[in-house]
Amino acid sequence: MSNQTAWIMLLDSHADHISVLKDMLNTGGMGDFNLHTVDCINTALEWMNSQPCDVFIIDMETATKNKEQLIETVRLVSPEIPVILLVSNEVNQPIDPSIEKTIDNCFMWEYLQGDIIVRAVICAVEKKRFLKNLLATQNSIQRIIEQIVDGILIVGENATILYANIYAESIFGCGRGALVGTEFQYPLVSNGKMQIEITREEAKPLIVEMYIVPTEWQRKSAFMVILRDITEQQKAQERLRLSAQVFETTAEGIFITDAHSNIISTNQAFTDITGYQLSEIIGKNALQFHSDRRDYEFFNQTWNSIAITGRWQGEVWNRRKDGEIYPEWVTISTVKNDLGDLSNYIVIFTDISSRKQSEKRLIYLATHDPLTDLVNRELFYDRLEQALMRSRRNRAGNSDRWMIAMMLLDLDGFKAINDTLGHDQGDQILQIVAQRLQSCVRMSDSVARLGGDEFTIIIENLIDARSPTLVAQKVLKSISQPFLLSGQEYSITASIGISVYPQDGEDSTSLLKNADIAMYRAKDKHNTFEYFS
C-alpha cells in the first residue's frame, strides 16, 4: 500500500473489538493508518461528512440495533468508500440480502486473523483510491488493478473485452489472451452490484458478484467490470440458512447456553414444550428451570460425564411454565472455542410424556385381565412370591403376623348361565364378581383372575391358620347375592379352596396345587369353602 495514511472508520460499541482490531492492524503490516471509532450510525454520518474516509468497518451486532438505518446509511455513503461487515458466529441467521448487496466484504469475528483483515482493508483502500483516480492514465490504472484481489475487466461500449487482470484469469478459468478481444456475455449496466453465474470449461460454475463503473480506456468510453468470486461465501450462507431453518423447525426443543449455563438462544420447539418465550428466559441460568427428582449423586455423575466426554444423554424430569412436571429425553453437548476452552452448552430434549404413558399402559395390559381389570396369572405369581418373601422376613423377625392364605375360587353353575344367556351376559357376571371380591378384602390383599370363572385371593399378615374363615364367609355371601341382567335376576354361588403358608406348602406351586385340591372338595358341596388341612 502507498505511504499515504489510510483513514479507517469503525462502527462498534465493544471496547474489546476495538482493541483487537487495532492490534491486528498494527501487527499485520497495515502501515500508516488512522482508526476512528464511533458507536452509532448518526455519529458515523457526521464524521464522514467532515473527514476523509478510505474504508468503513461495521460491527453487525452494534449496527442491527437499527437495521433499517444501517441499510440507509450504507447506501448514503459515497459509492467509492468500501464497506466491510464483521459479524458474530453466535448469530443463527444469514445476513439480510438488502444489507449484503451494499457491502464489499464480510468476516466473522471468531475466525478473524490479522493478515486477513489487513489484506481486506488494504484491498478496500486501494480499490477506493483506484475508483477516485479512475480517469488517470492507462499505465497507472493497470498498476493499481493488478494489486486488487478481485477480477477486473475493461470492456468497450461494444461489449468487447479490452483488458483483464490476473485475478480475472482464475475466475474465467483461462488466460488473459483468451479473454481479451472476446465478447463480454453479461449486461453492462452500472446500477450497483448484481450476481451472475460464470460457467467454465472442465470446472464447476462460479457465483460471482459483479460491479460495473463507467470509465475511459485509451480516450474512449468504456466500462470497468469488477468481479468477486462469492461461491464459497454463498455456500456458507446457504449452510447457515439451512442450519437456522433446522434449528427453528425441528420437533426437539433446543437451547444454547454460555459456559456458565446462562441461556442465550432457544428454538420454537423449546417454547412449544416448556411454555417459556425466549424473552422470559434469555440470560437466565438453565438450572433455574430444572426439577428432576434424582439425587445429588446422579447429577454429579452426569456433569462428570460431560466434563470428561463432552456429552451426556439420558432421562430427566423438568418443569413447564404452568408448573407441570414432565419427563424428557435430553442430550447435552459441549462446544469449545479455538483455544480449546469451554464456550457453550447445546441442549436438545424431547418430551416423552406420551411415550411414558404408553409404556405404563402396555405394562398394565401385560399384567392385568382386560375383562375385569384384576391382576392376571403372571402378576399373581409375582405377587405371591413377593408375599412369601415378606412372610419369611416377618417370621424371622418374630412378628406374630406372618402367615399367608391363598384362596382359589370357582363359580358354581357359571357354564350353564354363560351357555344360556350368551358370552356378553357371562362377561357382565364376571365383571360384577370381580368388583364384589375386591369389596370383600383389604387394599393390601391381592385379587386375581386366573382364567375362565376361576379367581384367587392372597391374604397376608395372618395371626393363625383359620383367620381366612371370616373373609371366605364374606365372599360366599357377596357372590350369592342376585345378579340383575337385562331386567332379570340370576343367582350363582362359589366354591372356595384355601391353603395356608407354611403348613400347606412353602412355595407358590404347592400352595396353588393344595388350594385347588381343597376347592374341588368344596365343589362337591357347592356354596362353601374348604381348607386343605
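Note that the structure is a prediction, hence the values are computed from the model and not measured.

(A) Quick peek at the overall build of the protein. Helix and strand counts for the protein stand at 19 helices and 22 strands. Within the protein, buried positions represent 45% of all 533 residues. Taking as baseline every contact in the protein between residues at least 6 positions apart, the subset at least 24 positions apart corresponds to 57%.

(B) A look at the sheet that holds strand β8 (residues 193-200). Reading across the sheet, the five strands line up as β7-β6-β10-β9-β8 and stay open at both edges, with antiparallel pairing between neighbours. Of all the strands in the sheet, the pair left with one neighbour each is β7 (161-164) and β8. Taking the axes of each pair of neighbouring strands and ignoring which way they run, one obtains an average angle of 35° across the sheet.

(C) Quick peek at the environment of Ser446. Looking at the secondary structure, you find Ser446 in strand β17 (residues 446-451). When the C-alpha atoms of Ser446 and Ile459 are compared, they prove to be 7.0 Å apart, with 13 residues separating the residues in sequence. Those residues in contact with Ser446, other than ones at most four positions away along the chain, are Arg383, Thr456, Ile457 and Ile458. Within the local environment of Ser446, its side chain forms a polar contact with the side chain of Arg383, the two groups lying 3.4 Å apart.

(D) Structural detail: the packing of aromatic side chains. Enumeration over the complete set of coordinates arrives at nine aromatic pairs. Judged by centre distance (5.7 Å) and plane angle (80°), the ring pair of Trp303 and Tyr345 falls under edge-to-face. Here Tyr345 lies in strand β15 (residues 342-351) and Trp303 lies in helix α13 (residues 296-309), a separation of 42 residues in the sequence. Under the relative-accessibility criterion, Trp303 is labelled partly exposed at 32%. Residue classification places Tyr345 among the buried residues on the basis of a relative accessible area of 12%. Ring pairs connect the aromatic residues Phe255, Phe270 and Phe349, which therefore count as one cluster.

(E) Region of the structure containing the packing of helix α15 (residues 377-396) against helix α19 (residues 508-523). Between α15 and α19, whose axes approach to 10 Å, the crossing angle comes to 110°. The pairing of α15 with α19 is recorded here as roughly perpendicular in orientation. Viewed along their axes, α15 and α19 form a crossing whose handedness is right-handed. Residue-level contacts link Phe380, Tyr381, Leu384, Glu385 and Leu388 of α15 to Ser508, Leu511 and Leu512 of α19.

(F) Representation of the pairing of strand β2 (residues 33-38) within the structure. Sheet topology note: the strand β1 (residues 6-11)/β2 ladder contains six bridges and is parallel. Each bridged residue has a counterpart across the sheet, and for Met9 the counterpart in β2 is His36.

Calculation criteria
Residues numbered from 1 in each chain as written. Predicted model: local features only at pLDDT ≥ 70, side-chain atom pairs only at ≥ 80, totals over all residues. Heavy atoms only, no water. Helix = DSSP H or I, 4+ residues; strand = E, 2+ residues; numbered from the N terminus. Buried < 20%, exposed > 50% of the residue type's maximum accessible area, 1.4 Å probe, protein only. Contact = heavy atoms within 4.5 Å. Pairing = 2+ DSSP bridges. Axes fitted to C-alpha atoms, helices over the stretch in contact; angles between N-to-C directions. Polar contact = N/O pair within 3.5 Å; in protein donor to acceptor, adjacent residues only side chain to side chain. Phe/Tyr/Trp six-rings, centres within 6.5 Å; stacked < 30°, edge-to-face > 60°. Parallel < 35°, antiparallel > 145°, perpendicular 65-115°, else oblique. Left-handed = near helix turned anticlockwise from the far one by under 90°.

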